[in-house]
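The lines below spell out each chain.
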Amino acid sequence: MEDKWKKIFEENKDQIIEEFSLPSGHEKRFLAKLNQQTPKVEKRNFNYWKVAAVMIPLMMLSVYFWTEFRTEPLTDNTTTLASYSPELGEAENQLSYLVEMNVKQIKSMQTTENQELVNTSLSKLDLLQKDYNRLLIDLKESGGNPQVMKSVLMNLQLQVEVLEQVLTQMNSLQEFKKNSNETLF
C-alpha cells in the first residue's frame, strides 16, 4: 500500500507542487516519515505440529491396514503337520518336494511359446500357496484340528495336480511342435 502512495507521489510530484505550496523541507520530512512507517514483513514460521497432526494418524492407519490385511503370516511358519502327526508330516514333506521339483521343471521348460501358460499356472500356484499358508495358521490356531490337517494335504495335492497338468500340456505342445516340424521336412 505504501509503495502505491510513493509511486503516486513520485508520478504526480510536479502537479502537487504547482497546486500546493509546501513549506521548505516538507518533502524530505514526509519521505523520512514514510520510510520509518514501512512495516517489517514477518516471516511465517513453519508449523511442525500441523504436519505431525496429519502424519501420525496416517502412519497409524497404514500400520493397521498392513498388519490386518497382510497375506503372509507375521510369525514364522514353524507349524507343520509333523507337529501333530509324523506320518502326515512325511506326506507333507513329500508333496512339498514334488511341488518344488515341478516348479523347477516348468521354469526350465519355459519358452516364448508357452510363456502365457507358465505365467497363469504360476499365478494359480501362488494363490494356492497363500491358501496353504492360511491353512497352516488355522492349523496352529485350531490346535491340530483333523479337518484342517486334511485341508492342508488336499491343498498340497491340488498344487501337485495343477503343476502336473501344466507339465503335461507343455510336453504335448513340444511333441506337437516336434511332429509338425518333422512333417514339414
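Residues numbered from 1 in each chain as written. Predicted model: local features only at pLDDT ≥ 70, side-chain atom pairs only at ≥ 80, totals over all residues. Heavy atoms only, no water.

A. Fine view of the pattern of salt bridges. What the rule picks out here adds up to two salt bridges. A salt bridge links Lys130 to Asp126; the shortest N-O distance between them is 3.9 Å. You can see Lys130 and its partner Asp126 sitting in helix α6 (residues 115–142), four residues apart, about one turn around the helix. A residue is classified by how much of its surface remains accessible, and Lys130, at 27% relative accessible area, is partly exposed. Two residues, Arg134 and Asp131, come together in a salt bridge whose shortest N-O distance is 2.9 Å. Linking Arg134 with Asp131, this pair stays in helix α6, spanning three residues, or about one helical turn. (Salt bridge = Lys/Arg side-chain N within 4 Å of Asp/Glu carboxyl O. Helix = DSSP H or I, 4+ residues; strand = E, 2+ residues; numbered from the N terminus. Buried < 20%, exposed > 50% of the residue type's maximum accessible area, 1.4 Å probe, protein only.)

B. Structural view of a nonpolar patch on the surface. Residues Phe46, Tyr48, Val51, Val54, Met55, Leu58 and Met59 make up a contiguous nonpolar surface patch of about 740 Å² in total accessible area. With respect to the helices and strands, Leu58 occurs in helix α4 (residues 48–68). Here Leu58 falls in the partly exposed class, since its relative accessible area comes to 48%. (Patch = residues over 30% accessible without salt bridge, like charges linked within 9 Å, V, L, I, M, F, W, Y side chains within 5 Å. Areas by Shrake-Rupley, 256 points an atom, 1.4 Å probe, with all protein chains shown as cover.)

C. Representation of the packing of aromatic side chains. For the coordinates displayed, the defined rule picks out two aromatic pairs. Judged by centre distance (5.2 Å) and plane angle (70 degrees), the rings of Tyr64 and Phe65 are edge-to-face. Here Tyr64 falls in the partly exposed class, since its relative accessible area comes to 43%. On the basis of relative accessible area, Phe65 is assigned to the partly exposed category, the value being 43%. Seen from their ring centres, Phe65 and Phe69 are 5.6 Å apart, and the 15 degrees between their planes marks the pair as stacked. Owing to a relative accessible area of 57%, Phe69 belongs among the exposed residues under this scheme. (Phe/Tyr/Trp six-rings, centres within 6.5 Å; stacked < 30°, edge-to-face > 60°.)

D. Representation of helix α5 (residues 86–108) in the model. An ideal rise of 1.5 Å per residue puts 33 Å on 23 residues; α5 measures up with 33 Å between its terminal C-alpha atoms. The complete set of buried residues in α5 reads Gly89, Glu92, Leu95, Val99, Asn102, Val103 and Ile106. (Expected span 1.5 Å × (residues − 1).)

E. Examining the packing of α5 against α6 more closely. Where α5 meets α6, the axes come as close as 12 Å, and the angle between the chain directions of the two elements is 160 degrees. Between α5 and α6, the angle falls in the class roughly antiparallel. Like other packed secondary-structure pairs, α5 and α6 cross with a definite hand, here left-handed. Contact with α5, carried on its side by Glu92, Ser96, Val99, Val103, Ile106 and Lys107, involves Val118, Leu122, Leu125, Tyr132 and Leu136 of α6 and no other residues of that element. In terms of residue class, the contact of α5 with α6 is made up of eight nonpolar, one polar and two charged. (Axes fitted to C-alpha atoms, helices over the stretch in contact; angles between N-to-C directions. Parallel < 35°, antiparallel > 145°, perpendicular 65-115°, else oblique. Left-handed = near helix turned anticlockwise from the far one by under 90°. Contact = heavy atoms within 4.5 Å. Nonpolar A, V, L, I, M, F, W, Y, C, P; charged D, E, K, R; others polar.)

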